[in-house]
Protein chains: 4
Amino acid sequence: MIIVLKPMATEDDAKQILGKIELKGLKPLFMPGVERIVLGALGDERKLTELQLAAHPMVESVKPILTSYKQVSREMQSHDSQVAIGQGKSKTIIGGENFTVIAGPCAIETKQQIELCSEIVSKHGGNILRGGAFKPRTSPYSFQGLEEDGLVLMRQAAETAGIPCVTEIIDASHVGLLSQYVDALQIGARNMQNFRLLKAAGQSQIPIILKRGMSATIEELLLAAEYIYNEGNQNIILCERGIRTFETRTRNTLDLGAVAYIKNQCHLPVIVDPSHGTGIRELVSPMARAAAACGADGIMVEVHNDPLSALSDGKQSLNESEFESLMRGLKPFVDAAGKVLK
Amino acid sequence: MIIVLKPMATEDDAKQILGKIELKGLKPLFMPGVERIVLGALGDERKLTELQLAAHPMVESVKPILTSYKQVSREMQSHDSQVAIGQGKSKTIIGGENFTVIAGPCAIETKQQIELCSEIVSKHGGNILRGGAFKPRTSPYSFQGLEEDGLVLMRQAAETAGIPCVTEIIDASHVGLLSQYVDALQIGARNMQNFRLLKAAGQSQIPIILKRGMSATIEELLLAAEYIYNEGNQNIILCERGIRTFETRTRNTLDLGAVAYIKNQCHLPVIVDPSHGTGIRELVSPMARAAAACGADGIMVEVHNDPLSALSDGKQSLNESEFESLMRGLKPFVDAAGKVLK
Amino acid sequence: MIIVLKPMATEDDAKQILGKIELKGLKPLFMPGVERIVLGALGDERKLTELQLAAHPMVESVKPILTSYKQVSREMQSHDSQVAIGQGKSKTIIGGENFTVIAGPCAIETKQQIELCSEIVSKHGGNILRGGAFKPRTSPYSFQGLEEDGLVLMRQAAETAGIPCVTEIIDASHVGLLSQYVDALQIGARNMQNFRLLKAAGQSQIPIILKRGMSATIEELLLAAEYIYNEGNQNIILCERGIRTFETRTRNTLDLGAVAYIKNQCHLPVIVDPSHGTGIRELVSPMARAAAACGADGIMVEVHNDPLSALSDGKQSLNESEFESLMRGLKPFVDAAGKVLK
Amino acid sequence: MIIVLKPMATEDDAKQILGKIELKGLKPLFMPGVERIVLGALGDERKLTELQLAAHPMVESVKPILTSYKQVSREMQSHDSQVAIGQGKSKTIIGGENFTVIAGPCAIETKQQIELCSEIVSKHGGNILRGGAFKPRTSPYSFQGLEEDGLVLMRQAAETAGIPCVTEIIDASHVGLLSQYVDALQIGARNMQNFRLLKAAGQSQIPIILKRGMSATIEELLLAAEYIYNEGNQNIILCERGIRTFETRTRNTLDLGAVAYIKNQCHLPVIVDPSHGTGIRELVSPMARAAAACGADGIMVEVHNDPLSALSDGKQSLNESEFESLMRGLKPFVDAAGKVLK
């Protein structure tokens, strides 16, 4: 339920009502706005009826939240959320007027490789470095990542370049460890419904980039975000990275319609991963442009100093000149979208 | 096989070689270029080997066409094809630097309705009027269209507005009838592999807008185009209109990655239908922008003077102010793509 | 609407009511049963309300048909339909207690080939010969079938073997031609929503085997059958042949759950095509057994005298010993299902 | 690589060769058979070449394993694996000639509920009790399970009934805890590529029922099993539970073709979940029969004492009489398949 208070209602009025909501066993939410205070109540809505809040002198209206996701919906918060990644000088805001470029290799491989990648990313206008240290690989015989050693290398490279960095988390028990090295955690497509991991991520305050599962519906993605949000972490960025369909020419089918849909329904920032979304180097740049055009708040792309020798995903990784070209070609579309590349 | 002739080769040399190809039972293709002549040979490639063309003094190179589609591939023709729709003043070119907007109602319903729609389309910069007269409907109990009567009405409306018009063809025997009234024929998703219809369309010279089937792979779409092309009609425009996936929030999943892929592999113009591709009015405009951004040559959108009373597809149709807003919002993205809205 | 008459109602009562229904512009349906007469009325149900049939002395109940498909639904006819294919001695009934095996090559290739295939089919208990003469092929450069010449050959082979035969129809104008040679027509997956073809098939009385489209929902399949039924041809057999999914190891995903679902909702016979449904020879037999187990009324399988030299679909075709083995292994499952292999 | 030793080779010969393999950094596998010893070597196959094993006097042949999955493939072990679940009297073998029925509620709700369910299952011939205690739910606001309290209740109920029990594991750290209460662990569809969980499961010896992910390919399922197997736990049962497709009438599309395919390629037992596979009570029994017919080693079905009041999945749960009917109807098909219901 969303409870809109009258303009003259004070914070004390709000507290009093929130107290009643809590007594009924529902989760109270306090959302002060510019013009008036909005309250929320999550849980068994029949119990709320007993409070007869619609008749309360300070309540203007009481309306149900029609979607299954609540706190991440535009019904609950109509303005865009923004999420800060990184500290001090390297702090980057995702959402609002910003169009953010997260780039880097699929996997951290060597000190030299991550340093070169980091240089390429920052030199050509990328905002955040990405790199995998704990890799979820389909086969047990594939390279599984450098683990903590890799994180040490990426942290150094990112600091040298003066940009924040992000890596994928694959186990609920790793939140603490990874938070020592990176500024944001990525939950990958295969773990989008690993609810233990979602809850652990929600109990932290580190920004979470939540990727859509390969066959997850839009609603399931928003409910996965709701898991994190409901635990108390509001620093969530959604990421469309392609869904699995019958089409085999492209690695996945990048669902930009979902991006436009989510931007309408949900207040969280949404970014797009055209590298996994297509799996083909030549398509990364056109799909990055299309992402900007349909309303996305940024992109995440794979960049490697030497894609031909990459230990994973070389086919979809851009080299320096391709990344430089992507950034240059992207700008007019970000401008057209009324956003800013920083 | 593609046979590239040496710069000094004359048209007579080409004719002589084409004659040999034909004698072997293969289909000869003549493709004069600015710098040199290129020839093609379609059919059993083993027979071609017998000609030992690589050793011919006027032949520079002989290489196989690796894709299953031949004549529509960039291997056979590296430059973009352009297709003219309409005659005289109302002639519109699709492809090249043009970004074309085809718009109109799902179905022609009444004289007044198609006239109003036509006015809306032309007034706000649409280039071509669309309207269905023979409707392929899932249920036999749904409105099946006004048939020839509808075409008469649309023709009049289009002429008044000074723009060409297009309608869907659903039967091979209708090519002649429909060609009397419209400037281009649309082959719908359900008929993309109606090979009789493709062949009949190929035996005409009327421009064909070929929509991708709901579960057609990119390769199958290009092979369907090849059916038309191989019969002699090169005036083909491909149209991505969304594929069927597990996602149910949007009517279809608009596959813009396929557009970027096809633009790389095939020389035909490609347009995008964001109305069917999303099924949701609010998503039409963002996806039209994304289409321009990923390299499409135009869009096809549903516009209705009164969407709430539309006999079909009202939920995804734009009214006048929404169409006006789409056109205004689209322009910066078409500019960014280096194309022109006329 | 379904109008159930009281037990004492006569056919004259029924006729009188049907007359009223027709006058209102609805399609009247007469369905005499063992215990009582049931009437149907298709069309704008609001008009029916005006008749106030529920108050008619001979009417027991009036209830709406909740599904979008009407005449093929179990709501309209609760008992199983049966369809006879062939004449005289070679007549075969599909549906009821029968489990029917339709077998033969993908394409008719030569006189000898179709004769050998026909022998194999009839010798090992197959009931109906299948063979393609007009082939819908993805590429224009693939073998397109022997057309009428092939039909002549198959008709002779089928008569020699004493079994009926069936072929695919790909154009609405062919109904008459094909009906001269074969005992049933197959509408393939690519044409399931070729509504012109469905209507033409419905205007004949020849049995129609309607295959599910590659991405057709169950509801769309039943509505396609409704197109045929509504034109007057009730001799319809549905065929599940696999749908298109992300899985690439099998050619299609055979949806036997759809068979069980349709048997619950629709009174038409349903058969299964495990050859196209899997695309892998080794899987044809286990999936034929599963078809019998889940309630199907028969199977359609590809059998070839020499699969390795088949012009199409060799990979999924059974040779004589494999077909013999399939028939032997199938019997216990048909028995368990309470059906009969004849 | 698979290294087949000559008939006269001794175990000492095998050990010597295995030692060489290990020295090269590959994983050595010892697979003694009835007629001869087979060895395996997993890892960088180029290193194996250096050993020139083909020339070794005791080696008959050396051949590569062509599939990406190795230890679970039929290439490595041609005979069927069997997995024992439970101890002593209640021990049940899955695989071989057995057709195993695992049944019980989606979630453990109360002491009485799990006792009643357990009684129903054992009374009508079910072999193993299932029940969820840690539930992976799409929404954070849905019932999440009784956790350890639920396991205590299920253990008691299963012991009273004299059958083993199984529950789902959703976190790698729970292996020890859950193993105290249940005889097998189920890894659900959403966690099929939770590689941390797979590895943890592989480091135990408790039997694992690994369910196919909603959009997992057959190959990905087998590679997920390989993760468990490669850690040392060979007690793996695969479970087909339906994949996600465009079809919405059924909850999922049960892919029985995958079962037949896997039985050909992989030596592990395979069971089928027709409850999740269809989501519709009426379809559970026909699909259970089809599972038996296509070669599955058992089924897992949802049974509830009172489906209408079930906290989750009531729509697809069978009540006592429906379960009794399923078991009765299933028997002839299990017989036809040459298997045994115990």
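Residues numbered from 1 in each chain as written. Chains lettered and ligands numbered in written order. Predicted model: local features only at pLDDT ≥ 70, side-chain atom pairs only at ≥ 80, totals over all residues. Heavy atoms only, no water.

S.K.: Outline the overall build of chain A, supporting the account with residue identities and numerical values.
M.R.: Scanning chain A from N- to C-terminus turns up 11 helices and 14 strands. Expected size for 342 residues packed as a compact globule is a radius of gyration near 20 Å; at 21 Å, chain A falls within 12% of this value. Oriented by its inertia axes, the alpha-carbon framework of chain A measures out at about 70 × 45 × 45 Å. Looking at chain A residue by residue over its 342 residues, the buried ones come to 63%. Long-range contacts, defined here as pairs at least 24 residues apart, represent 68% of the contacts in chain A between residues at least 6 apart. Total accessible area computed for chain A in this model is approximately 12,300 Å², and 49% of it derives from carbon and sulfur atoms. Across chain A, the 36 positively charged side chains and the 39 negatively charged ones have centroids separated by 2 Å. (Helix = DSSP H or I, 4+ residues; strand = E, 2+ residues; numbered from the N terminus. Rg over C-alpha atoms; globule rule 2.2 N^0.38 Å. Buried < 20%, exposed > 50% of the residue type's maximum accessible area, 1.4 Å probe, protein only. Contact = heavy atoms within 4.5 Å. Areas by Shrake-Rupley, 256 points an atom, 1.4 Å probe, with all protein chains shown as cover. Lys, Arg positive; Asp, Glu negative; His and termini not counted. Charge placed at Lys NZ, Arg CZ, Asp CG, Glu CD.)

S.K.: Kindly report on the nonpolar core, identifying the contributing residues and their values.
M.R.: In terms of nonpolar packing, the biggest core is built from 161 residues, with A:L238 and B:L238 touching the most fellow members. Not counting the four nearest positions on each side in its chain, A:L238 is found in contact with A:L210, A:L221, A:L222, A:A225, A:I262, A:C266, A:L268, A:P269, A:V270 and A:I271. Counting 160 residues, the second-largest nonpolar core is a separate cluster that includes C:L256, D:C266, D:I280 and D:L326. (Core = buried A, V, L, I, M, F, W, Y, C linked by side-chain atoms within 4.5 Å.)

S.K.: Which residues make up the interface of chain B and chain A, and what values do they have?
M.R.: Residue-level contacts link 35 residues of chain B with 35 residues of chain A. The tally of links from chain B across to chain A stands at 4 salt bridges. When the shortest N-O distance is used, the salt bridge between A:R212 and B:E247 registers 2.8 Å. For the side of chain B that touches chain A, the secondary structure elements donating two or more residues are α7 (218–230), α8 (256–265), α10 (281–294) and α11 (320–336) of chain B. Among the elements that line the side of chain B that touches chain A, the one with the most residues is α10(B), at 8 residues. (Salt bridge = Lys/Arg side-chain N within 4 Å of Asp/Glu carboxyl O.)

S.K.: So what's going on with the relation of the copies chain A and chain D? Residues and values would help.
M.R.: The two copies are related by a screw motion: chain A maps onto chain D through a turn of 180° and a shift of 0.0 Å along the axis, at an RMSD of 0.1 Å. Within this description, the copies of the chain are treated as partners about a two-fold rotation axis. Taking C-alpha positions as the reference, the residue of chain A nearest the rotation axis is A:S215, at 2.8 Å. A symmetric contact is evident, with 100% of the interface residues of chain A recurring at the interface of chain D. (Least-squares fit on C-alpha atoms with pLDDT ≥ 70 in both.)

S.K.: Report on the sheet that holds strand β4 (residues 59–63) of chain D, specifying residues and quantitative values.
M.R.: Residue and element names in this part refer to chain D. The antiparallel open sheet is built from 4 strands, whose spatial order is β2-β3-β1-β4. The sheet is open, and its two borders are formed by β2 (27–32) and β4, each paired with just one other strand. Strand-to-strand twist in this sheet, taken as the mean axis angle between neighbours without regard to direction, amounts to 20°. Relative to strand β3 (residues 37–42), β2 runs antiparallel, the two sharing 6 bridges. What sits directly across from P32, in β3, is I37. (Pairing = 2+ DSSP bridges. Axes fitted to C-alpha atoms, helices over the stretch in contact; angles between N-to-C directions.)

S.K.: Describe the relation of the copies chain B and chain A, naming the residues involved and giving the relevant values.
M.R.: Expressed as a screw operation, the relation of chain B to chain A combines 0.0 Å of axial shift with a rotation of 180°, fitting to an RMSD of 0.1 Å. Of the residues that chain B buries at the interface, 100% are likewise interface residues in chain A, meaning the two copies contact each other through the same surface.

S.K.: Could you give me a rundown of the interface of chain A and chain D, with the residues and numbers involved?
M.R.: When the parts come together, some accessible area is lost, and that loss is often what is quoted as the size of the interface. Chain A puts 34 residues into the contact, and the matching count from chain D is 34 residues. Where chain A abuts chain D, roughly 2,800 Å² becomes buried across the two surfaces, and 50% of that area is made up of carbon and sulfur atoms. Area buried by chain A at its contact with chain D is led by A:T138, A:Y141 and A:R196, which between them contribute 24% of it. The partner of A:R196 in a salt bridge is D:E147, and the shortest N-O contact between them spans 3.8 Å. Taken together, chain A and chain D are joined by 19 residue pairs in polar contact (both at pLDDT 80 or more). Considering each element in turn, the side of chain A that touches chain D owes the most residues, 5 residues, to helix α7 (residues 218–230) of chain A. Looking at the side of chain A that touches chain D, its residues break down into 12 nonpolar, 12 polar and 10 charged. (Buried area = accessible area lost by both parts, 1.4 Å probe. Polar contact = N/O pair within 3.5 Å; in protein donor to acceptor, adjacent residues only side chain to side chain. Nonpolar A, V, L, I, M, F, W, Y, C, P; charged D, E, K, R; others polar.)

S.K.: Just give me the short version of unusual backbone geometry, but keep the residues and values in it.
M.R.: Although it is not a glycine, A:Q52 sits at a positive phi angle of roughly 50°. Its place among the elements puts A:Q52 in the loop between α2 (45–49) and β4 (59–63). Take A:Q52: its relative accessible area is 59%, and that puts it in the exposed class. Unlike most non-glycine residues, B:E147 shows phi in positive territory, near 55°. Residue position: B:E147 is located in the loop between β8 (128–130) and α4 (148–161). For B:E147, a relative accessible area of 34% translates into the label partly exposed.

S.K.: Which residues make up the state of the cysteines, and what are the values?
M.R.: The full count for this structure, using the stated rule, is 0 disulfides over all chains. Residue A:C106 stays outside any disulfide, its sulfur separated by 11 Å from that of A:C117, the closest cysteine. With no disulfide partner, C:C239 has as its closest neighbouring cysteine sulfur the one in C:C294, 12 Å distant. Owing to a relative accessible area of 0%, C:C239 belongs among the buried residues under this scheme. (Disulfide = S-S within 2.5 Å.)

S.K.: Summarise the environment of D:M192; cite the residues concerned and give the values.
M.R.: Residues and elements named next belong to chain D. Assignment of secondary structure puts M192 in the loop between β10 (184–187) and α6 (195–202). C-alpha separation for the pair M192 and K211, spaced 19 residues apart in sequence, amounts to 6.6 Å. Apart from residues lying up to four places away in sequence, M192 is in contact with I187, L198, L210, K211, R212, G213, A216, E220, L221 and A224.

S.K.: Now, about the sheet that holds strand β2 (residues 27–32) of chain A: what can you tell me, with residues and values included?
M.R.: All names here are of chain A. Strand order across the open sheet formed by 4 strands is β2-β3-β1-β4, with antiparallel pairing between neighbours. Either end of the sheet is taken by a strand with one partner, and the two such strands are β2 and β4. Neighbour to neighbour, the strand axes of the sheet diverge by 20° on average, direction disregarded.

S.K.: Tell me about the pairing of strand β12 (residues 236–240) of chain B, residues and numbers included.
M.R.: All names here are of chain B. The buried fraction of β12 is high, at 5 of 5 residues. Sheet topology places strand β11 (residues 208–211) next to β12; 4 bridges connect them, and they run parallel. Along β12, the bridge assignment pairs L210 with L238. As for the winding sense of the linkage, the β-α-β connection from β11 through α7 to β12 is right-handed. Relative to strand β13 (residues 270–272), β12 runs parallel, the two sharing 3 bridges. Considered in β13, the bridge of L238 is made with V270. Where the polypeptide runs from β12 across α8 and back to β13, its parallel neighbour, the crossover connection is right-handed. (Right-handed = clockwise from strand over helix to strand, strands pointing away.)

S.K.: Quick one: what's the story with the packing of helix α7 (residues 218–230) of chain C against helix α8 (residues 256–265) of chain C, residue by residue and with numbers?
M.R.: Residues and elements named next belong to chain C. Contact geometry for α7 and α8: axes closest at 11 Å, N-to-C directions at 50°. When the axis of α7 is compared with that of α8, the two are oblique. The element α7 and its partner α8 pack so that their crossing is right-handed. Contacts between α7 and α8 involve I218, L221 and L222 on the former and, on the latter, A258, Y261 and I262. Considering only residue class, the contact of α7 with α8 consists of 6 nonpolar, no polar and no charged. (Parallel < 35°, antiparallel > 145°, perpendicular 65-115°, else oblique. Left-handed = near helix turned anticlockwise from the far one by under 90°.)

S.K.: Hey, could you go over the packing of α10(B) against α11(B) for me, with residue numbers and the actual values?
M.R.: Residues and elements named next belong to chain B. Taken N-terminus to C-terminus, the directions of α10 and α11 make an angle of 25°; their axes are 9 Å apart at the nearest point. Here α10 lies roughly parallel to α11, going by the angle between them. The hand of the α10/α11 crossing is right-handed. On α11, the residues touching R281, V284, S285, A288, R289 and A292 of α10 are E322, L326, G329, L330, F333 and V334. Residues belonging to the contact of α10 with α11 are distributed by class as follows: 7 nonpolar, 2 polar and 3 charged.

S.K.: Got a sec to walk through the packing of aromatic side chains? Specific residues and values, please.
M.R.: Residue and element names in this part refer to chain C. The final tally for this structure, using the stated rule, is 4 aromatic pairs over all chains. Note on F195 and Y227: the rings are 4.6 Å apart at their centroids and 25° apart in plane angle, and the pair reads as stacked. Separated by 32 residues along the polypeptide, F195 in helix α6 (residues 195–202) and Y227 in helix α7 bring together distant segments of the chain. (Phe/Tyr/Trp six-rings, centres within 6.5 Å; stacked < 30°, edge-to-face > 60°.)

S.K.: A description of α11(B) should follow, citing residues and the corresponding values.
M.R.: Taking 1.5 Å per residue as the helical rise, α11(B) with its 17 residues ought to reach 24 Å, and the 25 Å between its terminal C-alpha atoms agrees with that figure. At B:L330, α11(B) shows its strongest bend, of approximately 30°, with the proline B:P332 following within four residues. Those residues of α11(B) not exposed but buried are B:F323, B:L326, B:M327, B:G329, B:L330, B:F333 and B:V334. Looking at the buried positions of α11(B), the neighbouring elements they touch are α10 (281–293) and α11 (320–336) of chain A together with β7 (100–104), α3 (111–123), α10 and β14 (298–302) of chain B. The N-cap residue of α11(B) is B:N319: its side-chain oxygen and the backbone nitrogen of B:S321 are 3.2 Å apart. Remark: B:G338 follows α11(B) within two positions and exhibits a positive phi of approximately 75°. (Expected span 1.5 Å × (residues − 1). Bend = angle between axes of the 7 residues up to and from the residue.)

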